[in-house]
Amino acid sequence: MNKVKVQISNRQKDIKIPAGIRLLIRRCCIAVLKHENFDGDAEVSVSFINDKEIKELNALYRNKDIETDVLSFPLGDNGVYDTNNETGAKELGDIVISVERAVAQANMYGHTLQREIGFLTVHSMLHLLGYDHETNGLEARIMREKEEEILSKLGLKRDISYTTEENI
């Protein structure tokens, strides 16, 4: 396995980040790269933010004036990535996770915060590698299958459906 540098920062003060989450994020990033047979060293940035900041970013970059759970900012296109001149590593991009939203979704879906943050990290890593579930239904299905396969390998298998009674 090549070197993977995951820089994690906590830019919110509202919710304490549980012990082990940073290690989980690193494991998720590495698992996605292994699953996708990524070649070369890689760097990725992951930031914890609050709902207010993610709403601002979503409005600025996606023209959607609402909170969301996670945003991905890829630095590559079609498998070509910026390279860190000092390390030679491919710079995959940035992931920002709303901790408030992750806690709410973990409660809504009835699973742990670890499972939710693991899912959001794997989901975003796939975006950084070029997957886009918003382009069509087939791409969304492929992406979801990859997410669940990777999460299962990490011991974060989905126990229940992601459908709530409110959505039925």
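Our subject is the structure listed above.
This write-up is about the structure you can find in this document. (Residues numbered from 1 in each chain as written. Predicted model: local features only at pLDDT ≥ 70, side-chain atom pairs only at ≥ 80, totals over all residues. Heavy atoms only, no water.)

1. Observations regarding the overall build of the chain
Where we set the bar: Only DSSP runs of H or I covering at least 4 residues are called helices, and only runs of E covering at least 2 are called strands; the numbering of each starts at the N terminus. Here's how the labels work: a residue is buried when its accessible area is under 20% of the maximum for its type, exposed when over 50%, partly exposed in between, all with a 1.4 Å probe on protein chains only. Accessible areas in this description were obtained via Shrake-Rupley with a 1.4 Å probe; residue shielding takes into account the shown protein chains only. Two residue types count as positive, namely Lys and Arg, and two as negative, namely Asp and Glu; His and chain ends fall outside the count. Lysine's charge is taken at NZ, arginine's at CZ, aspartate's at CG and glutamate's at CD.
Tallying secondary structure elements over the chain gives five helices and five strands in all. When the helices and strands of the chain are placed in sequence order, the string is β-α-β-α-β-β-β-α-α-α. Expressed as lengths along the three principal axes of its C-alpha atoms, the size of the chain is roughly 50 × 35 × 30 Å. Expressed as a percentage of its 168 residues, the buried residues of the chain come to 43%. Accessible area for the chain stands at about 9,500 Å²; split by element, carbon and sulfur atoms hold 46% of it. Both charge centroids of the chain, one from 22 positive and one from 28 negative side chains, sit 5 Å from each other.

2. Observations concerning the pattern of salt bridges
Our working definition: Only one rule defines a salt bridge in this text: a Lys or Arg side-chain nitrogen within 4 Å of an Asp or Glu carboxyl oxygen.
For the coordinates displayed, the defined rule picks out ten salt bridges. In this structure, Glu53 and Arg11 form a salt bridge, with 2.2 Å as the shortest nitrogen-oxygen distance. Taken together, the positions of Glu53 in helix α2 (residues 51–62) and Arg11 in the loop between β1 (4–10) and α1 (21–35) put the pair 42 residues apart, joining distant regions of the chain. Judged by relative accessible area, Arg11 falls into the partly exposed class, the value being 41%.

3. So, α1
Which entries qualify depends on this criterion: Helix span, as expected, comes to 1.5 Å for every residue beyond the first. Note on contacts: a residue pair qualifies if any of its non-hydrogen atoms lie within 4.5 Å across the two residues.
Taking 1.5 Å as the rise per residue, α1 with 15 residues should run 21 Å; its terminal C-alpha atoms sit 21 Å apart, in good agreement. Along its buried surface, α1 packs onto β1, β2 (42–49), β5 (90–98), α4 (113–128) and α5 (137–153). Of the residues trailing α1, Asn37 is marked for its positive phi of about 50°.

4. Remarks on the pairing of β1
Using the following cut-off: Note on pairing: two strands pair once DSSP finds at least 2 bridges between them. Note on handedness: a clockwise path from strand one over the helix to strand two, with the strands aimed away from the viewer, defines a right-handed crossover.
Examined bridge by bridge, β1 and β2 share seven bridges and lie parallel to one another. Residue pairing for β2: Gln7 is matched across the bridge by Ser45. At this point the chain moves from β1, through α1, to the parallel β2, and the crossover so formed is left-handed.

5. Section: the pairing of β2
Among the eight residues that make up β2, eight are buried, leaving the element largely enclosed by the rest of the structure. As judged from the eight bridges shared by β2 and β5, these two strands associate in the parallel manner. By the bridge assignment for β5, Val44 is matched with Gly93.

6. Looking at the packing of helix α3 (residues 99–109) against α4
Under the convention used in this document: Angular values range over 0 to 180 degrees, each being the angle between N-to-C directions of two axes fitted as lines to C-alpha atoms, with helices fitted over their stretch in contact. For any pair of crossing helices, the crossing counts as left-handed if the nearer helix is rotated counterclockwise from the farther one by less than a right angle, and right-handed if it is rotated clockwise. Under the scheme applied here, ten amino acids are nonpolar (Ala, Val, Leu, Ile, Met, Phe, Trp, Tyr, Cys and Pro), four are charged (Asp, Glu, Lys and Arg), and all others, including Gly, are polar.
Running from N to C, α3 and α4 cross one another at 115°; their axes reach a closest spacing of 8 Å. Relative to α4, α3 is oriented so that their crossing is right-handed. Contacts between α3 and α4 involve Ala102, Val103, Gln105, Ala106 and Tyr109 on the former and, on the latter, Leu113, Glu116, Ile117 and Leu120. Counted by class, the contact of α3 with α4 contains seven nonpolar, one polar and one charged residues.

7. A few points about the side chain of His127
With respect to the helices and strands, His127 occurs in helix α4. If we skip the residues at most four places from it in the chain, His127 touches Ser72, Pro74, Asp132, His133 and Met143.

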